[in-house]
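# Analysis of the macromolecular model
This is what each chain is made of:
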Amino acid sequence: MAHGDLLEMGRAAADVQHHSYLMLDGAAAVDEGKWVDVRGFSRMSLDLFGSFAATVQIRASNERVPSGPGRILGQNLSGPCIVSLDVPVRWLKVAVVDHKAGVVHCILNAVSA
């Protein structure tokens with residue numbers, strides 16, 4: 001699969017939608033990631049996993065059409081973790097900005113309420 005691909009979508013309840021996106025699929029080098037439109041999702045989490053020595057950034061944009069790298073959301077990440085997001089943004093991506101070894105995977109889970 002490719003970065004930004006929709007993995008799963010469905011309804012968690014009558015008025016709540018759930019989507020999962022593959023943000024990084026085995027990134028083994030510096031990788032800018034791919035923008036995903038997250039409008040309408042009030043709660044999100046990013047699951048960063050794999051065995052790696054790398055610096056990863058969550059980036060966001062509220063532009064109509066994102067251009068450039070976007071703005072860093074939060075802190076640099078350097079190991080497996082789950083990050084909770086509740087900030088309303090239009091676009092989101094995950095970028096590997098420094099890579100020394102291993103592969104990085106990341107899945108976004110988003111829920112509308």
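Refer to the structure presented above.
Small disclaimer: the values here were computed from a predicted structure and weren't measured. (Residues numbered from 1 in each chain as written. Predicted model: local features only at pLDDT ≥ 70, side-chain atom pairs only at ≥ 80, totals over all residues. Heavy atoms only, no water.)

Direction of pairing for strand β1 (residues 5-13) relative to strand β2 (residues 16-27): antiparallel, over a ladder of seven bridges. When the bridges of β2 are listed, R11 appears paired with Q17. Linking β1 back to β2 in an antiparallel pair, the connection comprises two residues. (Pairing = 2+ DSSP bridges. Helix = DSSP H or I, 4+ residues; strand = E, 2+ residues; numbered from the N terminus.)

By size, the foremost hydrophobic cluster in this structure holds 26 residues, and its most contacted members are M23, V38, M44, L46, L92, V104 and L108. Secondary structure elements with two or more residues in this core: β2, β4 (43-49), β5 (52-61), β7 (81-85), β8 (91-102) and β9 (104-111). No other element matches β5, which puts five residues into this core. Leave out the neighbours within four places in its chain, and M23 touches H3, G4, K34, V36, L46, L92, K93, V94, C106, I107 and L108. (Core = buried A, V, L, I, M, F, W, Y, C linked by side-chain atoms within 4.5 Å. Buried < 20%, exposed > 50% of the residue type's maximum accessible area, 1.4 Å probe, protein only. Contact = heavy atoms within 4.5 Å.)

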